[in-house]
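# Fold and geometry: a report
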Amino acid sequence: MGLNTSAEAPLPVGQVSRLIGGWIERLGQVWVEGQITQLSRRPGAGVVFLTLRDPSHDISVSVTCFRQVYDEVADVVSEGARVVLLAKPEWYAPRGQLSLRATEIRPVGIGELLVRLERLKRSLAGEGLFALERKKPLPFLPQLIGLVVGRASAAERDVLENARRRWPAVRFEVRNVAVQGVHAVPQVVRAVKELDALDEVDVIIVARGGGSVEDLLPFSDEEVVRAVAAARTPVVSAIGHEPDSPLLDLVADLRASTPTDAAKKVVPDVGEELERVRQLQGRGLRAVNSLLDREERGLAHALGRPVFVHPQRMVEMREDELDALLARSRRTLGHLLDRADSELAHTLARVVALSPAATLERGYAVLQRADGHVVRSPQEVSAGDVLRARVAEGTFSVEVSAPDAAEAEGAEAEGAEADAPDAGAEAAAEASDPADAPDAAGASQ
């Protein structure tokens, strides 16, 4: 219950201390688990003093018990041991100090520790902290390696010597921490966070030598596991020996069986890399030589073809083909010209045979009236008419006279004889019409 106090009516220190003691006494007995960090067992003293610490947090509390209570577990409980005790909180009013009065102490056995670790393992796995997709790849050649390890330990020596033997230029940022006991968890967590905050650190190795299950418990602590899971930098776990498997191995990005194995997995071997470079150079050289040989063979095969051996042969073949085509074209053109000439000669002969001028050359004449019409019958003219006569050599005018009866009959008979044997004359007379045929004299000329 709250107290009614003020600056004018404060409570004395003794009263406040007694009130706190009364409230604490109401708590009663409780079971408490922790790790013994200090143990004071004076010869002849009837009371044993202990300090019980929470290994996951920087919190501790004083514990007292009677000597006979501690003697029951003295053979299995010492500093660093995990215990569960039944105690009643006590408040020492004169000094204002809280402590626990233990009436029973039980050591935490290995079997119980393993059960708790298995329960914690399942809980963290359910959160996905051990999932493979969360694992970050390690750099091929780290320039600066963060190392969390015990001071002057064999694990530190193994990592440094093996790494520098493999790659002499490698550098380390070392954080020496307690690797067992009550201070291990906070120091390991702080060291991992400090190294993770350095941008130049490429990978972090958490290393420790072998030990018992109790010695390796700090590396299965939930706080350590969560700190490693939250790190941006890849973390390598190198705890203990091959059979040891703390929870840190499951959350780390890479698990090494030993500190020496961690150095081999994180740092490449300069000799092996040089040999790999030489092998790659040899493979590249062989590949280039194989390619050049294949191309040379292809080029030689191409140059061995007849078109490259005798390039002029193709021109000569085309020249022969061109000569043959020219000769063939000349023959074809000659045949066409000869045929056209023959056809033209036949056509000319036909034209000459049918020409009115040829008829006039044989002595015929064409009579035309003044209006240009050809006279075809005596009935078309009268005595005294002036007609134009066209002959082979030109034209002249004639006058029609009246014939007697005997001449008329003879003229008719002669005209009939003239018309019967020569069809060309009739055609000439028809063609001599100035409207249908060219001038007879012009044709003759």
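Residues numbered from 1 in each chain as written. Predicted model: local features only at pLDDT ≥ 70, side-chain atom pairs only at ≥ 80, totals over all residues. Heavy atoms only, no water.

## Focus: the overall build of the protein
Regarding its fold elements, the protein presents 15 helices and 13 strands. Counting the 445 residues in the protein, one finds 32% classified as buried. In the protein, of all internal contacts separated by at least 6 residues, the share reaching a separation of at least 24 is 62%. (Helix = DSSP H or I, 4+ residues; strand = E, 2+ residues; numbered from the N terminus. Buried < 20%, exposed > 50% of the residue type's maximum accessible area, 1.4 Å probe, protein only. Contact = heavy atoms within 4.5 Å.)

## Points about the nonpolar core
Of all hydrophobic cores here, the largest spans 30 residues; its most connected members are V148, V206, L248 and V251. For this core, the elements supplying multiple residues, two or more each, are α3 (110–126), β6 (144–149), α5 (184–197), β8 (203–208), α6 (222–230), β9 (235–239) and α7 (247–251). With 6 residues, the single largest contributor to this core is α5. Those residues in contact with V148, other than ones at most four positions away along the chain, are R175, V177, A191, V192, L195, I204, I205, V206 and A207. (Core = buried A, V, L, I, M, F, W, Y, C linked by side-chain atoms within 4.5 Å.)

## Things to note about the sheet that holds strand β1 (residues 30–40)
Taken together, 5 strands build a closed barrel; the order of strands is β1-β2-β3-β5-β4 and the barrel is mixed. On average, adjacent strands in this sheet sit at an angle of 55° to one another, irrespective of strand direction. The sheet contact formed by β1 and strand β2 (residues 47–54) spans 5 bridges and is antiparallel. Bridge pairing links Q38 to T51 in β2. Its contacts with the sheet place helix α1 (residues 13–25) against β4 (82–92) and β5 (97–107), and it is angled at close to 140° to β4. (Pairing = 2+ DSSP bridges. Axes fitted to C-alpha atoms, helices over the stretch in contact; angles between N-to-C directions.)

## Re the sheet that holds strand β12 (residues 386–391)
Spatially, β11-β12-β13 is the arrangement adopted by the 3 strands of the open sheet, whose pairing is antiparallel. Whereas interior strands pair on both sides, the edge strands pair on one side only; in this sheet they are β11 (366–368) and β13 (394–399). On average, adjacent strands in this sheet sit at an angle of 30° to one another, irrespective of strand direction. Relative to β13, β12 runs antiparallel, the two being bridged by 6 bridges. Across the sheet, the residue bridging to L387 is V398, located in β13.

## Examining the side chain of D196
Here D196 shows up in helix α5. Of the side chains bearing the opposite charge, R232 lies closest to the buried D196, which forms no salt bridge; the N-O distance is 4.2 Å. One polar contact links the side chain of D196 to the main-chain amide nitrogen of T233, over a distance of 2.8 Å. Not counting residues up to four positions away in its chain, the partners in contact with D196 are I204, A230, A231, R232 and T233. (Lys, Arg positive; Asp, Glu negative; His and termini not counted. Salt bridge = Lys/Arg side-chain N within 4 Å of Asp/Glu carboxyl O. Polar contact = N/O pair within 3.5 Å; in protein donor to acceptor, adjacent residues only side chain to side chain.)

## Some words on the confidence of the model for the protein
Any region with low pLDDT has predicted coordinates that should not be read closely. With 88% of its residues at a pLDDT of 70 or more, the protein shows a mean pLDDT of 83. Every residue in residues 416–445 is under pLDDT 50, and counting partners more than four places away or in other chains gives 37 contacts. (pLDDT = per-residue confidence, 0-100.)

## Considerations on the packing of helix α4 (residues 154–166) against helix α8 (residues 259–266)
In contact at an axis separation of 8 Å, α4 and α8 are set at 30° when each is read in the N-to-C sense. Between α4 and α8, the angle is such that the two are roughly parallel. For the pair α4 and α8, the crossing hand works out as right-handed. Across from A155, D158, V159, N162, A163 and R166 in α4, the residues of α8 making contact are P259, T260, A263 and K264. Its residues placed into classes, the contact of α4 with α8 shows 5 nonpolar, 2 polar and 3 charged. (Parallel < 35°, antiparallel > 145°, perpendicular 65-115°, else oblique. Left-handed = near helix turned anticlockwise from the far one by under 90°. Nonpolar A, V, L, I, M, F, W, Y, C, P; charged D, E, K, R; others polar.)

## Brief notes about unusual backbone geometry
Glycine aside, residues mostly have negative phi angles, and peptide bonds mostly take the trans form. Located in the positive-phi region is A152, a residue other than glycine, with phi close to 55°. By secondary structure assignment, the location of A152 is in the loop between β6 and α4. Owing to a relative accessible area of 72%, A152 belongs among the exposed residues under this scheme.

## Here's the deal with α4
Look at α4: 18 Å from first C-alpha to last across 13 residues, which is about the 18 Å you get at 1.5 Å a residue. What α4 keeps buried is the set A155, E156, V159, L160, N162, A163 and R166. In the core, the buried residues of α4 are packed alongside β6, β7 (171–176), β8, α8 and α9 (270–303). (Expected span 1.5 Å × (residues − 1).)

## What to know about the environment of L100
For L100, the position within the fold is in strand β5. The exposure class of L100 is buried, given its relative accessible area of 8%. Considered as a pair, L100 and E90 are 10 residues apart in the sequence and their alpha carbons are 5.7 Å apart. Apart from the residues lying within four places of it in its own chain, the contact partners of L100 are V32, V61, S62, V63, T64, A87, K88 and P89.

## Looking at a nonpolar patch on the surface
Taken together, the side chains of L299, L303, V307, F308 and M314 make up a nonpolar region of the molecular surface, amounting to roughly 470 Å² of accessible area. When contributions to the nonpolar patch are tallied by element, the ones reaching two or more residues are α9 and α10 (306–309). Its place among the elements puts L303 in helix α9. (Patch = residues over 30% accessible without salt bridge, like charges linked within 9 Å, V, L, I, M, F, W, Y side chains within 5 Å. Areas by Shrake-Rupley, 256 points an atom, 1.4 Å probe, with all protein chains shown as cover.)

## Concerning the pattern of salt bridges
Taken as a whole, this structure holds 17 salt bridges when the rule is applied. For the salt bridge of R226 with E222, the shortest nitrogen-to-oxygen distance reads 3.0 Å. Note that R226 and E222 are positioned in helix α6 at a spacing of 4 residues, about one turn of the helix. The class of R226 is partly exposed, set by a relative accessible area of 33%. Connected via shared salt-bridge partners are E127, E222 and R226.

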